[in-house]
Amino acid sequence: KTSIIYIDKENIDIDRLEKSAKILKNGGTVAFPTETVYGLGANALDEDAVKKIFQAKGRPSDNPLIVHIARYEDIHRLIKELPEKAEKLINAFWPGPLTLIFKKSSLVPKSVTGGLDTVAVRMPSHPIAKALIELSSVPIAAPSANISGKPSTTKETHVLKDLKGRVDAIICGGDVDVGVESTVVDITVDTPMILRPGGVTKEELEKVIGEVEVDPAVKNSGAGEFIPKSPGMKYTHYSPNADVILISGELDNMVRGIEELRLAKESEGYRVGIMATDETKDKYKGGAIISVGKRGSLETVAANLFKVLREFDEKGVDIILAETFEERNIGQAIMNRLMKAAGHNVVRV
Ligand code: TXA
Ligand code: MG
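Reading the values: the criteria
- Residues numbered from 1 in each chain as written.
- Chains lettered and ligands numbered in written order.
- Predicted model: local features only at pLDDT ≥ 70, side-chain atom pairs only at ≥ 80, totals over all residues.
- Heavy atoms only, no water.
- Helix = DSSP H or I, 4+ residues; strand = E, 2+ residues; numbered from the N terminus.
- Expected span 1.5 Å × (residues − 1).
- Buried < 20%, exposed > 50% of the residue type's maximum accessible area, 1.4 Å probe, protein only.
- Contact = heavy atoms within 4.5 Å.
- UniProt positions renumbered as here; feature names shortened; annotations may be inferred.
- Core = buried A, V, L, I, M, F, W, Y, C linked by side-chain atoms within 4.5 Å.
- Axes fitted to C-alpha atoms, helices over the stretch in contact; angles between N-to-C directions.
- Parallel < 35°, antiparallel > 145°, perpendicular 65-115°, else oblique.
- Left-handed = near helix turned anticlockwise from the far one by under 90°.
- Nonpolar A, V, L, I, M, F, W, Y, C, P; charged D, E, K, R; others polar.

## Some points on helix α8 (residues 251–267)
Move 1: In this model, α8 (17 residues) spans 24 Å end to end at C-alpha, consistent with the 24 Å of a helix rising 1.5 Å per residue.
Move 2: Among all positions in α8, only M254, V255, G257, I258, E259 and R262 are buried.
Move 3: Close packing links the buried residues of α8 with β12 (243–248), β13 (272–276) and β15 (319–323).
Move 4: One or two steps after α8, the chain reaches G269, where phi turns positive at roughly 100°.

Written as structure tokens, this is what we have:
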């Protein structure tokens, strides 16, 4: 019952996209690519449509959704006020991987905001996402297009695996660009606060508006002491079927530590996967080795991260031993997702 719709992002077939826009207008659910990850959309102003998103994903209803818009003007009816810093961030980063938290207007249903008085808004830059939202002529609530708790989806086959049969349509529009979700920034407070690190880095934000804080629950990657301000950050997330163990330390020590742990786990009968990098992948002597990208270019790691986590499940490994990265620039988002995938299981070497 799910329509599968193939669209080339370089050459968008408007007739096909119209069909998806109509589904959204009529209260249905459509998965579509954005520049960060695939999203699962529905009309944000239609409570019943929004409910279908939570059902399809198995998502807890207190975890609020991001409302996506295609034109700047559309923000005004969704929010109460537009702080000056928000305007600066919008000018600098929209359309793009930045989500801003505002005080919500009465138009936005509480089912979208998980009962909160604030609303998260983002304007994606992906050509299919933009055109789809524009054609649907309504704001689109869209969480990541995955079963709740699983890694987000960055390619068609993974969206189909999770959501085929559960949603009205899936737009297959190729692999996404960024690979980790948008940065979520609370702009309702004096010093804006990053609630979820993502595609736009802290360093980039600070160039535009000066000091930005990071939610302490994110900073020590939620070791349990802090209650995250972003409700979504408290749930198990990004978990493949395999157990993930992170190994942190100097690069050579990491490689050695992973090899030792691999041998130990294999002797206990486990099938072990190693999440390596281009720079290290030839140093491992066994296990299912997949490179997640180049250490020298962390954008490649972000782009491959969720895909690779899912590939280990496809290979049927029991344990994934993963290298770690410096928490700078996009490395913050990468380590945040890895920490959650591992349930904070870190071995320091
Ligand atoms: O890149 C993205 O942001 C993707 C694409 C599809 O746009 N969407 C996405 O949505 O990642 P989702 O639902 O998987 O994550 C939304 C995050 C959650 O952590 C949620 O708790 C937080 O944003 N959030 C949403 N509304 C919020 C609010 N009013 N206050 C605090 N956090 C909020
Ligand atoms: Mg998500």
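## Here's the deal with the UniProt feature "domain: YrdC-like" (unreviewed entry) in the protein
Move 1: Under the feature "domain: YrdC-like" (unreviewed entry), the UniProt entry names residues 14–200.
Move 2: Across residues 14–200 one finds 27% helix and 20% strand; the C-alpha atoms that close the span lie 30 Å apart.

## Let's talk about the nonpolar core
Move 1: Of all hydrophobic cores here, the largest spans 47 residues; its most connected members are W94, L98, L100, F102, V121 and L205.
Move 2: The element contributing the most residues to this core is helix α2 (residues 47–57), with five residues.
Move 3: Look past the residues within four positions of L205 in its chain and what remains in contact with it is L89, F93, L98, T183, V185, I194, V200, G210 and V212.
Move 4: By size, the runner-up hydrophobic cluster in this structure holds 29 residues, among which are V37, Y238, I320 and A333.

## As for the packing of helix α3 (residues 84–93) against helix α6 (residues 202–209)
Move 1: It is the contact of α3 with α6, at a shortest axis distance of 9 Å, that shows an interaxial angle of 120°. Between α3 and α6, the crossing angle belongs to the class labelled oblique. Along this stretch, α3 crosses α6, giving a crossing that reads as right-handed. Seen from α3, the contacting residues are K85, K88, L89, A92 and F93; seen from α6, they are E204, L205, V208 and I209.
Move 2: By residue class, the composition of the contact of α3 with α6 is six nonpolar, no polar and three charged.

## Some points on the packing of helix α1 (residues 14–25) against helix α4 (residues 127–136)
Move 1: In the contact formed by α1 and α4, the axes pass within 8 Å of each other and the chain directions differ by 55°. On the basis of their axis angle, the class for α1 and α4 is oblique. Taken as a pair, α1 and α4 cross one another with a handedness that is right-handed. Contacts between α1 and α4 involve I14, L17, E18, S20, A21, L24 and K25 from the former and I128, A131, L132, L135 and S136 from the latter.
Move 2: Partitioning the contact of α1 with α4 into residue classes produces eight nonpolar, two polar and two charged.

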